[in-house]
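# Fold and geometry: a report
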Amino acid sequence: MQHISVIGGGTMGNGIAHVFAQYGFQVSLIDVQQAALDKAIATISKNLDRQVAKGSLTEAEKEATLQRIQLFTQLEGGVAKADLVVEAATENVDLKLRIFREMDATAPDAAILATNTSSISITQIAAATKRPAQVIGMHFMNPVPVMKLVEVIRGYATSDAVTATIMDLSRRLEKTPVEVNDYPGFVANRILMPMINEAIYTLYEGVSGVHEIDTVMKLGMAHPMGPLQLADFIGLDVCLAILRVLHDGFGQPKYAPCPLLVNMVMAGKLGAKKGEGFYVYTPGSKELVVSPSFK
Ligand code: CAA
């Protein structure tokens, strides 16, 4: 396993390209927009600088990491040599099915096709290809260079050999892989999203305020971020989409998204990436300021 292609230059895609290149793999990073690729490389360079600053990487290793990343705006050229493709495009079923059909037609026959989806069915994605045994979920956590987990999701047809290869590959990135089966939300989001939704309900019902709810979970349960800050960090639109997958997939009311979350997404208050969610975000400032809507 030497050539890894990563589809999507967004937060997850650039993080995945970063770690593979850092651990010596040749990476092809693919995005339809050149501007997204330029932004991805700038982000990877900035995040490598953090590692250089704290002494976990040398300047020469940083340069070598960047040298191992090639950029492509076309899928065809980008996956031509791939041993593994990791798709990290937008969380949209139709888009992912289209990408997997195209990848299946252009990537080498032996290539493993993985998706970083946070909740879309691996089995459904695999069924769009002629190689369902070689399709698997490889779910990294944000920020990818920091978080140790890779949730490895076996679709209905994923082979034992492909699963073993991806488990082993994750360890080569110094991550800890955990094997799970393909049911809505897998494990990570099946547990995380109901917690976030419950925190939003707690706010919605006036039990306590934004800062207070997050403080309870940070100091009481030793979470690095409270659930409302974490929701802002993930993106409220992403949280809502995952809750809908859980709600549709299990048909149980306990997964119904809180109406406040639905309203915030409709209002475009999507969290850190849009400058406002439960908190307001000012570029360059790390201070946590509760949004005026909740004061
Ligand atoms: N790349 C490289 N390094 C990074 C980084 C990045 N993008 N972001 C942060 N870091 C490093 C920093 O350099 C710093 O390193 P040292 O401690 O070694 O100096 C360390 O991470 C901590 O960063 P900060 O000091 O800037 O900030 P912090 O202490 O507040 O930590 C955090 C930030 C790591 C994000 C922490 O708050 C955290 O762990 N939050 C929870 C994250 C989480 O739960 N992620 C999962 C989200 S769910 C998901 O991704 C899946 C899904 O499907 C929705």
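## Observations regarding the packing of helix 11 (residues 236-250) against helix 12 (residues 259-266)
- Remark: helix 11 packs on helix 12, axes separated minimally by 9 Å, with the N-to-C direction vectors making an angle of 130°. By the angle between their directions, the pair helix 11 and helix 12 is classed as oblique. Both helix 11 and helix 12 take part in a crossing whose hand is left-handed. Only Leu-261, Val-262, Met-264 and Val-265 of helix 12 make contact with helix 11, whose side of the interface consists of Leu-236, Asp-237, Leu-240, Leu-243 and Arg-244.
- The residue inventory of the contact of helix 11 with helix 12, partitioned by class, reads seven nonpolar, no polar and two charged.

## Topic: the packing of aromatic side chains
- Applying the stated criterion across every chain, the model contains five aromatic pairs.
- A centroid spacing of 6.0 Å and a plane angle of 70° characterise the contact between Tyr-201 and Tyr-204, whose relative ring orientation is edge-to-face. Here Tyr-201 and its partner Tyr-204 are both found in helix 8 (residues 188-204), three residues apart, which amounts to about one turn of the helix.
- The interplanar angle of 35° and the centroid separation of 5.6 Å between the aromatic rings of Phe-278 and Phe-294 together place this pair among those described as tilted. Taken together, the residues Phe-278 in the loop between helix 12 and strand 9 (279-280) and Phe-294 in the segment after strand 10 (289-290) connect sequence positions 16 residues apart.
- Residue classification places Phe-278 among the buried positions, given a relative accessible area of 0%.
- Taken together, the aromatic side chains of Phe-20, Phe-25 and Phe-140 make up a single cluster linked through ring pairs.

## Some remarks on helix 5 (residues 93-106)
- When the terminal C-alpha atoms of helix 5 are compared, their 20 Å separation across 14 residues agrees well with the 20 Å that a helix rising 1.5 Å per residue should span.
- All of the buried residues along helix 5 are Lys-96, Leu-97, Ile-99, Phe-100, Met-103 and Asp-104. The buried residues of helix 5 occupy an angular sector of 165° when the element is viewed end-on, so they sit on one face. When the buried face of helix 5 is taken as reference, the exposed residues oriented beyond 90 degrees from it are Asp-94 and Ala-105.
- Looking at the packing, one finds that the buried side of helix 5 touches strand 1 (3-7), helix 4 (75-79), strand 4 (84-87), strand 5 (112-115), helix 6 (122-127) and strand 6 (135-140).
- Near the N-terminus of helix 5, the side chain that reaches the backbone nitrogen of Asp-94, with its oxygen 3.0 Å away, is that of Asn-92.

## Notes on unusual backbone geometry
- Here the amide bond leading from Asn-142 into Pro-143 is cis, since omega sits at -5°, within 30 degrees of zero.
- Turning to its location among the elements, Pro-143 is positioned in the loop between strand 6 and strand 7 (149-154).
- Despite not being glycine, Phe-186 shows a phi value in the positive range, around 55°.
- In this fold, Phe-186 is placed in the loop between strand 8 (176-181) and helix 8.
- For Phe-186, a relative accessible area of 5% corresponds to the buried category.

## Examining the site of the ligand
- In the vicinity of the ligand there are 18 residues, among which Lys-54, Ser-118, His-139, Asn-142 and Asn-189 approach most closely.
- In this structure, Asn-47 approaches the ligand through a side-chain N or O atom, which is 3.4 Å from a nitrogen atom.
- At 3.3 Å from a nitrogen atom of the ligand is found a side-chain nitrogen or oxygen belonging to Arg-50.
- Contact with the protein chains covers 67% of the free accessible surface of the ligand, which is 1000 Å².
- Its residues placed into classes, the shell around the ligand shows ten nonpolar, five polar and three charged.

## Some words on a positive patch on the surface
- Together, Lys-46, Arg-50, Lys-54 and Lys-286 make up a region of like positive charge exposed at the surface.
- Structurally, Lys-46 is set in helix 2 (residues 34-53).

## Structural notes on the domain arrangement of the protein chain
- Domain assignment breaks the protein chain into domain 1 (3-181) and domain 2 (189-294).
- In this structure, domain 1 and domain 2 have C-alpha centres spaced 27 Å apart.
- Each partner contributes residues to the interface: domain 1 has five residues there, and domain 2 has four residues.
- When domain 1 packs against domain 2, the two sides together hide about 420 Å² of surface, and 55% of this comes from carbon and sulfur.
- The largest per-residue losses of area from domain 1 upon contact with domain 2 belong to Ser-118, Ser-119 and Asn-142, which jointly make up 75% of the total buried on that side.
- Where domain 1 touches domain 2, the interface holds zero salt bridges.
- Taken together, the links from domain 1 to domain 2 amount to one residue pair in polar contact (both at pLDDT 80 or more).

## Observations regarding the packing of helix 8 against helix 10 (residues 227-234)
- Packing of helix 8 against helix 10 leaves a shortest axis separation of 9 Å and a crossing angle of 115°. The interaxial crossing formed by helix 8 with helix 10 has left-handed handedness. Facing Leu-192, Met-193, Met-195, Ile-196, Ala-199, Ile-200 and Leu-203 of helix 8, the residues of helix 10 in contact are Pro-227, Leu-228, Leu-230, Ala-231 and Ile-234.
- Grouping the amino acids of the contact of helix 8 with helix 10 by side-chain chemistry returns twelve nonpolar, no polar and no charged.

Reading guide: rules and limits
- Residues numbered from 1 in each chain as written.
- Predicted model: local features only at pLDDT ≥ 70, side-chain atom pairs only at ≥ 80, totals over all residues.
- Heavy atoms only, no water.
- Axes fitted to C-alpha atoms, helices over the stretch in contact; angles between N-to-C directions.
- Helix = DSSP H or I, 4+ residues; strand = E, 2+ residues; numbered from the N terminus.
- Parallel < 35°, antiparallel > 145°, perpendicular 65-115°, else oblique.
- Left-handed = near helix turned anticlockwise from the far one by under 90°.
- Contact = heavy atoms within 4.5 Å.
- Nonpolar A, V, L, I, M, F, W, Y, C, P; charged D, E, K, R; others polar.
- Phe/Tyr/Trp six-rings, centres within 6.5 Å; stacked < 30°, edge-to-face > 60°.
- Buried < 20%, exposed > 50% of the residue type's maximum accessible area, 1.4 Å probe, protein only.
- Expected span 1.5 Å × (residues − 1).
- Arc of directions from axis to C-beta.
- Polar contact = N/O pair within 3.5 Å; in protein donor to acceptor, adjacent residues only side chain to side chain.
- Near = heavy atom within 4 Å.
- Areas by Shrake-Rupley, 256 points an atom, 1.4 Å probe, with all protein chains shown as cover.
- Patch = residues over 30% accessible without salt bridge, like charges linked within 9 Å, V, L, I, M, F, W, Y side chains within 5 Å.
- Salt bridge = Lys/Arg side-chain N within 4 Å of Asp/Glu carboxyl O.
- Lys, Arg positive; Asp, Glu negative; His and termini not counted.
- Charge placed at Lys NZ, Arg CZ, Asp CG, Glu CD.
- Domains from an automatic or database assignment.
- Buried area = accessible area lost by both parts, 1.4 Å probe.

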